[in-house]
Amino acid sequence: MSSVLEQRISPGSALRRRCAAVFRAVGFSRGSRSGRRIAFTLSVFAGITLLGALWGSVVAVAELNALYLCIALIGCAFILLDFRIGVVLLILLMPISSSRVFPHAMFGVTGLNPLNLLLVGTFGSCLLHGVSDGSLRRFAPRPLLWLYILPILIAGALGSRHVGDIAPAFFMYDQLEFHDAAGYVRDLVIKPLSLVIFALLVGAAVSKSEKPEKFLVPTLISIWVMGSMVIVFVSQSGVALGQLASDDSRDFLSPLGLHANDLGRLYAFAYALLLFTWAELKDTGSKFALLASMGMVVVALVLAFSRGAFLGFIVVNVLFLLWRRNAKALMFFGLLATVAALLLPGAVYDRVESGFGSGLDAISAGRIEGIWLPLLSDALRSPIYGNGLGSILWSDAMRTRVGVSIPGVAQAHNAYLEIVLDMGIVGLIFVCAYFVHVFKGFYALGVDPVLGPSLRGFYRGAAAGLASFLVAGIAGGYLTPRPEQIFLWLAIGMMYGQRARKTGDLNASRQYAQAGAHTQSA
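For the structure given in this document, a descriptive report is provided here. (Residues numbered from 1 in each chain as written. Predicted model: local features only at pLDDT ≥ 70, side-chain atom pairs only at ≥ 80, totals over all residues. Heavy atoms only, no water.)

Side note on the packing of aromatic side chains
Turning to step 1, where the next piece is worked out: Per the counting criterion, the structure on display carries 17 aromatic pairs.
Turning to step 2, where the next piece is worked out: Taking 6.4 Å as the distance between ring centres and 15 degrees as the angle between the ring planes, the aromatic pair formed by Tyr434 and Trp489 counts as stacked. Of this pair, Tyr434 sits in helix α19 (residues 415–446) while Trp489 sits in helix α21 (residues 486–521), and the two are 55 residues apart along the sequence. Take Tyr434 and Trp489: they sit in the same class, and that class is buried.
Turning to step 3, where the next piece is worked out: A connected cluster of aromatic rings, assembled from ring pairs, spans Tyr148, Tyr434, Phe435, Phe469 and Trp489.
Turning to step 4, where the next piece is worked out: Here the guanidinium or amino end of Arg482 rests over the ring plane of Tyr478, the centre of that ring lying 4.0 Å away. (Phe/Tyr/Trp six-rings, centres within 6.5 Å; stacked < 30°, edge-to-face > 60°. Helix = DSSP H or I, 4+ residues; strand = E, 2+ residues; numbered from the N terminus. Buried < 20%, exposed > 50% of the residue type's maximum accessible area, 1.4 Å probe, protein only. Lys NZ or Arg CZ within 6 Å of the ring centre and 35° of its normal.)

Observations regarding the packing of helix α11 (residues 260–280) against helix α12 (residues 284–304)
Turning to step 1, where the next piece is worked out: Two elements in contact, α11 and α12, have axes separated by 9 Å at closest approach and are oriented at 160 degrees. In this view, α11 runs roughly antiparallel relative to α12, as classed from their interaxial angle. The element α11 and its partner α12 pack so that their crossing is left-handed. Only Lys287, Leu290, Leu291, Ser293, Met294, Val297, Val298, Ala300, Leu301 and Ala304 of α12 make contact with α11, whose side of the interface consists of Ala260, Gly264, Tyr267, Ala268, Tyr271, Leu274, Leu275, Thr277, Trp278 and Ala279.
Turning to step 2, where the next piece is worked out: Residue classes in the contact of α11 with α12 are distributed as 16 nonpolar, 3 polar and 1 charged. (Axes fitted to C-alpha atoms, helices over the stretch in contact; angles between N-to-C directions. Parallel < 35°, antiparallel > 145°, perpendicular 65-115°, else oblique. Left-handed = near helix turned anticlockwise from the far one by under 90°. Contact = heavy atoms within 4.5 Å. Nonpolar A, V, L, I, M, F, W, Y, C, P; charged D, E, K, R; others polar.)

A word on empty space enclosed by the protein
Turning to step 1, where the next piece is worked out: All chains considered together, the criterion is met by 1 cavity of 30 Å³ or more.
Turning to step 2, where the next piece is worked out: In this model, the largest cavity occupies a volume close to 110 Å³.
Turning to step 3, where the next piece is worked out: Contributing to the lining of the largest cavity are 13 residues, with Arg265, Leu266, Phe269, Phe469 and Glu484 lying nearest its centre.
Turning to step 4, where the next piece is worked out: Of all the secondary structure elements, the ones that give two or more residues to the lining of the largest cavity are α11, α20 (453–472) and α21.
Turning to step 5, where the next piece is worked out: Taken together, the residues that form the lining of the largest cavity break down as 8 nonpolar, 3 polar and 2 charged. (1 Å grid on protein atoms, 1.4 Å probe; cavity = no way out; pocket = protein on both sides within 12 Å on 5 of 7 lines; lining within 4 Å. Points joined across faces, edges and corners; volume = space filled by probe spheres on them.)

Quick notes on the nonpolar core
Turning to step 1, where the next piece is worked out: Judged by nonpolar contacts, the single largest core of 134 residues is most densely connected at Phe442 and Met494.
Turning to step 2, where the next piece is worked out: For this core, the element with the highest residue contribution is α11, accounting for 15 residues.
Turning to step 3, where the next piece is worked out: Not counting residues within four places of it along the chain, the set of residues in contact with Phe442 comprises Tyr459, Arg460, Ala462, Ala463, Leu466, Leu488, Ala491, Ile492 and Met495. (Core = buried A, V, L, I, M, F, W, Y, C linked by side-chain atoms within 4.5 Å.)

Quick notes on the layout of surface pockets
Turning to step 1, where the next piece is worked out: Considered as a void within the structure, the second largest pocket measures approximately 950 Å³ in volume.
Turning to step 2, where the next piece is worked out: In terms of lining residues, the second largest pocket is bounded by 30 residues, among which Val298, Phe313, Leu336, Ala340 and Leu344 are the most central.
Turning to step 3, where the next piece is worked out: Contributing elements (two or more residues each) for the lining of the second largest pocket: α11, α12, α13 (307–324), α14 (327–343) and α15 (346–352).
Turning to step 4, where the next piece is worked out: Along the lines of polarity and charge, the residues of the lining of the second largest pocket split into 28 nonpolar, 2 polar and no charged.

Set out below in structure tokens:
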């Protein structure tokens, strides 16, 4: 009762006591929040300090490997937020990953390198995004799985049983980096298929991008890096062009990670992408940039002195004239061909004319009698399903006649004969059917009026580049994934991503129409 009287007598005093209690509670809350903030800040600084101390000790022990690992882990942290960041980094790093300046192992572990960490991190992030939005079921198209990947896996399983039958000469001269079945699967199955995984990641990134043409920018940067790499290497070496064009200098560019013939095929495909994209664009600045890029790529292609690449280059230009069919293009290329004929050094003509007048075997650089004919008996031994990936390594020709009547080479120098040896006639049909499927996809997108001019030109150039790649395969290369096919698989990935975008838009429009119909009926 006294308290009631007190409130009636002095209501202000009770109000003051309540306000004081509230302020004390707020003050305590503010104090606790500021304490937590201080504790969080101290823990962050302590974590950074410990991380710096730990990484400093790792750098002291592992030197540059720790730097590579740090960069890869930081990249993976960003990739978890958006896997498309990893795709852009892969586009930039994939072309140079085969060069000797790029780290191929860290801490003595083969395969542990920044590129593989980036590939695994991007793949994991893409899977997480695919599970969350339901796009995972569209990740790997069926033609790729059944016509291409499955024959490679079957051939790899067959070949893994023959590692002990490999000709000893390949181990004596350190031409192989594996000595058991596990190493065989790693180098001839998993490593090549990582390029296919890269293409699928590109496709997933394109399907989730509002402007897929933005991926052409890192592609152009990669082309510049690959082209300028050869130009700088040759200019600093001081070697004469005549010596570089000789048959004895075909391995001169191998320190860059790829044989000269492989580099030539890579440049021919890149040139096709640039040429057709340049023809579609109207912006003067973009056309000039692509024209300069084409000039750089042509110089690099010439320095490779690969006759197969020269043939692929001609195929690309012939297809350009056939598909464009206008007087302006014909006049431009006529003028360009005239200027090129006058400016090309004599070493180029000497390389092109090598072997002419001495028979087909001399023109093929000894491939017919030295490699192809001796391998026919091995191809006929299992003509239906082949002898397994890399079967030339344990072929009778290599085991009995290497160094005597056949050179010790690890490839058949004919992409189609290679497939018959490894996968048989069935494998050749499947793989060729897959590339026909890819060509049709490229060409369909190249004439699609819905796409912008840059993408139309890119896909039409990819179709021409694929045609040149298949023609050049007569004299060398592989139809299974290899590093020189990086831009081909980049284009395949973009094609699948573009088709997934069109399918998604069509499904969305159908759902919208159905929802509208239900609304009207209601």
